[in-house]
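Coordinate inspection notes
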Amino acid sequence: MIPGDGGQPDMQQLLQQAQKMQQDLAEAQQELAETPVEGSSGGGLVKATVNGAGELKGLVIDPKAVDPDDTETLADLVLAAVRDASAGAQELQQQKLGPLAQGLGGGGIPGLPF
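A quick note: this is a predicted structure, and the numbers were derived from the prediction, not measured.

Another point: the overall build of the chain. Helices and strands together make up the secondary structure of the chain, namely two helices and three strands. Reading the secondary structure of the chain in the N-to-C direction produces α-β-β-β-α. Going through the 114 residues of the chain one by one, you find that 20% of them count as buried. Long-range pairs, those at least 24 residues apart, make up 49% of the contacts in the chain between residues at least 6 apart in sequence. Total accessible area on the chain stands at roughly 7900 Å², and carbon and sulfur atoms take up 53% of it.

Written out as structure tokens, the structure is:
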């Protein structure tokens, strides 16, 4: 039988493609970890910064948002800002990792987040 005959893919070529995809994925994940995404709430009274991987990296609270008699509102503002930033991070993940997942056949690989 001739190698590559019968429509069988070349295993060496498949291995090289898999290694390239793994390298591209690692680079995309590193870029995500280094990319800040900001979210806010209360008209900018609370700002949260997460990285593209969704890790909370910073939180800024305007003194106007602080009312000692109403900590529940402040807590809600913090949650809203973090959720806003996390949604932005998820969108960034889709932009960076989505094309890689498509390159893997769209079916995903067990153990990977797509």
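For the coordinates displayed, the defined rule picks out three salt bridges. Across the pair Asp24 and Lys20 runs a salt bridge, and its minimum N-O distance is 2.9 Å. With Asp24 and Lys20 both in helix α1 (residues 11–34), this residue pair falls four residues apart, about one helical turn. For Glu55, the salt bridge is made with Lys57, and the minimal N-O distance between the two is 3.6 Å.

This part covers the nonpolar core. Counting 17 residues, the largest nonpolar core has Val37, Val46, Val50, Ala65, Leu74, Leu97 and Leu100 as the members making the most contacts within it. Counting residues per element, the ones that place at least two in this core are α1, β2 (46–51) and α2 (71–103). Among the elements that make up this core, the one with the highest residue count is α2 (nine residues). Ignoring any residue separated from it by four or fewer positions in sequence, one finds Val50 in contact with Thr35, Pro36, Val37, Glu55, Leu56, Lys57, Ala85, Ser86 and Ala89.

Each value, and the rule that gives it
Residues numbered from 1 in each chain as written. Predicted model: local features only at pLDDT ≥ 70, side-chain atom pairs only at ≥ 80, totals over all residues. Heavy atoms only, no water. Helix = DSSP H or I, 4+ residues; strand = E, 2+ residues; numbered from the N terminus. Buried < 20%, exposed > 50% of the residue type's maximum accessible area, 1.4 Å probe, protein only. Contact = heavy atoms within 4.5 Å. Areas by Shrake-Rupley, 256 points an atom, 1.4 Å probe, with all protein chains shown as cover. Salt bridge = Lys/Arg side-chain N within 4 Å of Asp/Glu carboxyl O. Core = buried A, V, L, I, M, F, W, Y, C linked by side-chain atoms within 4.5 Å.

Keep in mind these numbers describe shape, not what the thing actually does.
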